[in-house]
Amino acid sequence: MATKTNRNNLKCYICGKMFTNATVLTPCGHSFDRQCILQYKYCPIDLCNTPVFEYYLSENNYNQSTENIYEIFLLDTSTSMWYSDSFTGLFGTSRFQIAIKFLEHVFQHRWNSLTNQISLITFDKYPIEHFSFETIRQHHLEILEKLQPNGSQTCLFDALKFSLEKFEKLNEILNRSTRQSIYVLSDGADNFNSSGNQKHYIKFIKEYSKKLNIRGNIIQVGDKNLSYTKNLCQDINYQFHHFNSYNTEESINSYLLSSNIH
């Protein structure tokens, strides 16, 4: 049975209109309407620059049966993320820099993907959505560059609840369930919820995530609060991952190549 898909994913990158003659530039895999890409000498996608030759173009069979993947990335912007794992916390790579580096790698990995739809939400005391289920392009990397860890608290429950409600609304709009994942990047310095009652909210997140079939991940950034984060992941049935300043590159590359991230 054909699966509905977000109409934005059926639009040409160049003209912004629905595909009428979808064509793929085979060396790089980027898709455009044929009449649009033939106006260029090089692929117009940022950082690509693949030359455009007639023999590089082939028909793209992208159609309504394509299944979209929806991902929400939750980034902790509380002040604790400003510190590093050094003895004083004032020297070396900060936890926030590690988290941003991970997101930059993910965004580049998802660059102009027709199926991966990404939302970025930062959270401290309140969640703030920076963009909602979009195809990754240059301006999304520019958003990352402007973010700073200056929040006073880390209310993880509020951010998770906000994300789960987004997925529930998305399913209602599409009239079906979707492939959907949540990735939390935090150092684990968590107040959990602005109103307290942690035990109740742990149960709520676990049941809500199961109901929506969410693939949940918490990425512990830095070495502080490791036990807390591991226990939390067990309690809500989310996958636990760990990055620090000593293994950032290796862990990110391994993570992107693994089945943990679509």
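Scroll up to find the structure this text is about.
Here goes a summary of the coordinates provided. Worth saying up front: this structure is predicted, and the values here are computed from it rather than measured.

**Some details on the packing of helix 4 (residues 156-174) against helix 5 (residues 198-212)**
Thought 1: One way to put it is that helix 4 packs onto helix 5 with a least axis distance of 11 Å and a crossing angle of 25 degrees. Classified by the angle their axes make, helix 4 and helix 5 are roughly parallel. Crossing geometry of helix 4 relative to helix 5 is assigned as left-handed. In contact with F157, L160, K161, L164, E165, F167, E168 and N171 of helix 4, helix 5 contributes Y201, F204, I205, Y208, S209, K211 and L212.
Thought 2: Residue composition of the contact of helix 4 with helix 5, by class: 9 nonpolar, 2 polar and 4 charged.

**Concerning the sheet that holds strand 9 (residues 239-243)**
Thought 1: Within the open sheet, the 6 strands sit side by side as 6-5-4-7-8-9. Their pairing is mixed. Single-partner strands in this sheet number two, and they are strand 6 (127-134) and strand 9. Here the strands of the sheet are splayed against their neighbours by 15 degrees on average, with no regard to which way each runs.

**Brief notes about the packing of helix 5 against helix 6 (residues 226-236)**
Thought 1: Running from amino to carboxyl end, helix 5 crosses helix 6 at an angle of 55 degrees, the nearest separation of the two axes being 8 Å. In terms of axis orientation, helix 5 runs oblique to helix 6. Facing helix 5, whose interface residues are Q198, I202, I205 and K206, helix 6 presents Y228, L232, D235 and I236.
Thought 2: Of the residues in the contact of helix 5 with helix 6, the class split is 5 nonpolar, 1 polar and 2 charged.

**Re unusual backbone geometry**
Keep in mind that most residues, glycine aside, have a negative phi and that most peptide bonds are trans.
Thought 1: With a phi angle near 45 degrees, F133 is a residue other than glycine that sits in the positive phi range.
Thought 2: Within the secondary structure, F133 is located in strand 6.
Thought 3: Look at F133 and you get buried, because its relative accessible area is 11%.
Thought 4: The backbone of N213 shows a phi angle near 60 degrees, a positive value even though the residue is not glycine.
Thought 5: Following the sequence through the fold, N213 ends up in the loop between helix 5 and strand 8 (215-221).

Cut-offs used in this document
Residues numbered from 1 in each chain as written. Predicted model: local features only at pLDDT ≥ 70, side-chain atom pairs only at ≥ 80, totals over all residues. Heavy atoms only, no water. Axes fitted to C-alpha atoms, helices over the stretch in contact; angles between N-to-C directions. Helix = DSSP H or I, 4+ residues; strand = E, 2+ residues; numbered from the N terminus. Parallel < 35°, antiparallel > 145°, perpendicular 65-115°, else oblique. Left-handed = near helix turned anticlockwise from the far one by under 90°. Contact = heavy atoms within 4.5 Å. Nonpolar A, V, L, I, M, F, W, Y, C, P; charged D, E, K, R; others polar. Pairing = 2+ DSSP bridges. Buried < 20%, exposed > 50% of the residue type's maximum accessible area, 1.4 Å probe, protein only.

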